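In case you want the letters, here they are:
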Amino acid sequence: MAIRIKLKTILLACACVFASAISWAQFDDTPPIKVDQAERQRLQAILDAEIDQGQLNSKKIEQHKQKEIAAATLGDFAAREKNLRAWMQIDQEGAWVLRSVLSNTERRAEAYEIGLSIIQKEKQPVAAARMKLFVASDYVEDNELAKAAELISQAEGVIKTMPRSGRTGEQTFLILDTEILFYLTKSRYALKSGKLADAIASSKLNKEKATYLISIEGITNDRHRFMGRLNYSRVMQLLAFLQTNAGLYSDAEATLRETYLTMKKFGWNENLMAEFFGTVSDLYSATGQYKDAFEFAKRSEKIILDIGLPIGSMAWVKSQLRANLALAGSDQWKAALENFKNMDLALSKTELKTSIAEQPSIRGMVYLNNGMNEEASKLLSSDLEWNKTNLGPKHHQTALIEGFLGVASAGLTQSKLAKEQFESAVQNFTAPEALTGDFNETALHRKQKKFIFQNYAKLLAKSAASNVQDAETLFKIADQLNTSSVQQALAEAAIRSGVTIPGLAEIIRKEQDAKNEISTLTSYIRGQDGAEGAKQTPQVINQMRARLKELESQRKELKAQIQKGFPEYFQLIQPKSPTHAEIAQQLKSDELFLSIIPMDEQTYVWAIDAKGNVKFHSASITEAEISTLTNKIRKTLDVAELGSKAPNFDYASANLIYKNLFAPFDQEISGKKHIVISSSGSMAKLPFAVLTRTPYTGLDPSKAPWLIRDVAVSHVPNARSEEHTSE
């Protein structure tokens, strides 16, 4: 049954996505929020004031509460901890706050002890439910999802039966704040369980509740108001993070800007905004704005250290992971390596036990780009085995690590092994069962895949001239590199469109359900990686692995059904690179197909004619050099508004591009009436007709040796587009 996908609608939707992505307001117009001198002196006086031990406990408790707000606002961690430990001796609320503070330090284990102790001792069901949610949130972050789920379920039972309001304003405020805490924890759990849509929906509902909470904060005391504002900021930051993960970048930016303006209204200073700036860093990294991402990661780190949290604390580690990602994204490989070394050294001196600092997909790439092939191979081999065993051999994360291993093997001159690893990785990146749209592909994901494909292409290019199979594989790899970066957005738009097509909708629903369950199982299994022996659940893990295999088989069958029954839709979500022969079949006898793939160190060019003859050339010109030449040409083309002041056309750059990329195929071009050129990136901005076949120093354009004088020229973004163009 043939179907027609509304490509124009899908492309328009994609264009809107990318148009909004490049029009964000920048966060560099957000000046630091500082405490004025008078307020600082007032807060310091509160901190310095001695507590009269002879007065009633109620008076002492109130003074401790004021000291807590003052210490948090001033960012004085040492004074804050000292006050909280004294407070908890006379009132359990002090222990509550201390637990929250310690959970962001290297003493996270103590935070768990305090939290679990409070749960056991607390007599009030609602209060016990609140602490269960706080502890569950930490369990989620530490990938202890089974423990988190149990506590969330217990808390939910209490929350469903508690009254909607209390006898006093303070009680009413805490009831609503507890609901917010519940949805906040539930959203975090949903995210870790692979249910991104559920997490976003829960967070949007929570945003409404949190906004209402701060609008009625006048009904309670200062301490509760401070707690409510903290929870509001956490809700908003989580929503922005979820929107970033879903690729809703414009929404994430708007959420963060709204959060910042509200924090400003609160009168907060930067000491309370470390996680906010970390979330901004996440947004910028996801969209490839690595310089900004790094600056905000360092801004977050500075706050963490300024408030007294030590190097090696959990909060500090998170800031380093963000910095590592930004450094890798911006190709600052030596700086990234140094940052990893510093982080490892700091963690070796603390009590914090966490596996998140390993960051193998980033660390491995950093090692490879620093020539540390042996170190990368050791790290990645271990991680690959874990991924194969726990996530499955066809999981996208497994493919990524195996691709990096291929780069390491090639660097160690183990060419045969490298080809096997590359081929396995590429198959899993592009196989039908590897459903496009499983996860939102960020700028870094694209960069990592490009790094793997380029290194595979570099290895194949060494033998492509003499090995027909390697030449064919190289062409397919190059076409993958040449595929437009909007492919994932196209696929996701196609999935949304397909949901309305009779027969296809049910298959898509089943496939999406299987995908979500796989994400849930994967997240839990991954969380067991760094768990200590007592925390591991081997029997549960084995059951989950068996279920993963069942689901993978189901998804493969569902994809086969889509491919057979709805081929046009399938080609849209899972495009297949054509072979030399398939391209040749689309060409007329007087046509020539040229595929141009600029890379970091060289550019690959193929010429294919209607008879299936193939010629390959590796040009020494790089992607960066081509981009520079293209921009120079554009500056002398887009000059209509300059009139007589317009510069002369840049014939030299036009000929330099032709000389490097086209001249090696002059024999193949001779006699042809039409050239179809496949290329993307910066070359998409270049009208190939204006290339000059020989050097020209004249001023009369009518006498220039334009390529268009000899042959008609058309452009397609990749080789697979040629098939559709020629139909």
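1. Re unusual backbone geometry
Of note, the phi angle at Gln359 is positive, near 45°, even though the residue is not glycine. Within the fold, Gln359 resides in the loop between α16 (333-348) and α17 (360-369). At Thr413, a position not held by glycine, the phi torsion is positive, near 60°. Locating Thr413 in the fold gives a position in the loop between α19 (396-411) and α20 (415-430). Since its relative accessible area comes to 68%, Thr413 is described here as exposed.

2. What to know about the pairing of strand β1 (residues 591-598)
The buried count for β1 comes to eight of eight residues, which makes it a mostly enclosed element. Side chains Glu591, Phe593, Ser595 and Ile597 project from β1 onto one buried face, and the interleaved Leu592, Leu594, Ile596 and Pro598 project onto a second face that is buried too. Where β1 meets strand β4 (residues 674-678), five bridges bridge the pair, whose relative direction is parallel. Along β4, the bridge assignment pairs Phe593 with Val676. Pairing geometry for β1 and strand β2 (residues 603-609), over seven bridges, is antiparallel.

3. Details of the side chain of Thr105
Position of Thr105 relative to the elements: it lies in the loop between α5 (92-102) and α6 (108-121). At a separation of 2.8 Å, a polar atom in the side chain of Thr105 contacts the main-chain carbonyl oxygen of Leu102. Within the structure, the side chain of Thr105 is placed 2.9 Å from the backbone nitrogen of Arg107, a separation counted as a polar contact. Leaving out residues up to four positions away in the same chain, Thr105 has contacts with Phe77, Leu309, Ser313, Met314 and Leu352.

4. Comments concerning the sheet that holds β1
With mixed pairing, five strands are arranged side by side in an open sheet as β3-β2-β1-β4-β5. Each of the sheet's edge strands pairs with one partner strand only, and the pair in question is β3 (614-619) and β5 (712-716). Strand-to-strand twist across the sheet, computed as the mean angle between neighbouring axes with direction ignored, equals 20°.

5. Observations concerning the confidence of the model for the protein chain
Mean pLDDT over the protein chain: 81, with 78% of residues reaching 70 or higher. Every residue in residues 484-494 scores below 50 in pLDDT, and together they form 28 contacts with partners more than four places removed in sequence or on other chains. Contacts for the low-pLDDT stretch residues 529-534, under 50 throughout, to residues beyond four places or in other chains number five contacts.

6. Some words on helix α11 (residues 222-245)
Between its first and last C-alpha, α11 extends 35 Å over 24 residues, near the 34 Å set by a 1.5 Å rise per residue. Within α11, 20 of the 24 residues are buried, which leaves it mostly tucked inside the rest of the structure. Gly247 sits one or two residues past α11 and shows a positive phi near 80°.

7. Focus on the packing of α16 against α17
Closest axis-to-axis distance for the α16/α17 pair is 9 Å, and the angle between their directions is 125°. The orientation of α16 with respect to α17, classified from their angle, is oblique. The crossing of α16 and α17 is left-handed. Residue-level inspection shows Trp333, Ala336, Leu337, Phe340, Met343 and Asp344 of α16 in contact with α17, the latter providing Ile362, Arg363, Met365, Val366, Tyr367 and Asn369.

8. Quick look at the packing of helix α13 (residues 274-286) against helix α14 (residues 290-306)
Axis separation between α13 and α14 bottoms out at 8 Å; the angle between their running directions is 165°. Looking at the two axes, α13 sits roughly antiparallel to α14. Once α13 is placed against α14, the crossing between them reads as left-handed. Of the residues in α14, those touching α13 at Ala274, Phe277, Gly278, Val280, Ser281, Tyr284 and Ser285 are Tyr290, Asp292, Ala293, Phe296, Ala297, Arg299, Ser300, Ile303 and Ile304. Of the residues belonging to the contact of α13 with α14, the class tally is 10 nonpolar, four polar and two charged.

9. Observations concerning the packing of aromatic side chains
In this structure the tally under the stated criterion is 22 aromatic pairs. On the numbers, 4.9 Å between centres and 25° between planes, the contact of Tyr112 with Tyr139 is stacked. A residue pair is termed long-range when its members are at least 10 positions apart, and Tyr112 in helix α6 and Tyr139 in helix α7 (residues 125-141) qualify at 27 residues. An aromatic cluster of at least three residues, connected via ring pairs, comprises Tyr260, Phe276, Phe277, Tyr284 and Phe296. Between the NZ or CZ atom of Arg299 and the centre of the ring of Phe277, over which it lies, the distance is 4.1 Å.

Definitions and limits used
- Along each chain, the written sequence defines residue order, and numbers are assigned to residues from 1.
- Local features in a predicted model are, by the rule used here, given only for residues with pLDDT of at least 70; side-chain atom pairs are given and counted only at 80 or more, and totals for whole chains, interfaces and linings are based on all residues.
- With hydrogens and water set aside, each side-chain value is computed from the structure's full complement of heavy atoms.
- Strands are runs of DSSP state E lasting at least 2 residues, helices are runs of H or I lasting at least 4, and numbering of each runs from the N terminus.
- Here the term buried applies to any residue with accessible area under 20% of the maximum for its type, exposed to any over 50%, and partly exposed to those in between, with areas from a 1.4 Å probe on protein chains only.
- If DSSP finds at least two bridges between two strands, the strands pair.
- Residues adjacent in sequence count toward polar contacts only when both atoms are side-chain atoms; beyond that, a polar contact is any pair of N or O atoms within 3.5 Å, and within protein one must be able to donate a hydrogen and the other to accept it.
- Should any heavy atoms of two residues lie within 4.5 Å, those residues are considered in contact.
- Every axis corresponds to a line fitted to the C-alpha atoms, with the helix fit spanning only the stretch in contact, and the corresponding angles, defined between N-to-C directions, vary from 0 to 180 degrees.
- A residue's pLDDT is the predictor's confidence in that residue, given on a scale from 0 to 100.
- Multiplying one less than the number of residues by 1.5 Å gives the expected span of a helix.
- Note on terminology: angles under 35 degrees are roughly parallel, angles over 145 are roughly antiparallel, angles of 65 to 115 are roughly perpendicular, and the others are oblique.
- Working rule for handedness: look at the near helix, and if it is turned counterclockwise from the far one by less than a right angle, call the crossing left-handed; if clockwise, right-handed.
- Nonpolar residues are Ala, Val, Leu, Ile, Met, Phe, Trp, Tyr, Cys and Pro. Charged residues are Asp, Glu, Lys and Arg, and all others, Gly as well, are polar.
- Working definition: a ring pair exists when centres of Phe, Tyr or Trp rings (six-membered ring for Trp) sit within 6.5 Å. Plane angles under 30 degrees give stacked, over 60 give edge-to-face, the rest tilted.
- Sitting over a ring, as applied to charges here, requires NZ of Lys or CZ of Arg to be within 6 Å of the ring centre and within 35 degrees of the ring normal.

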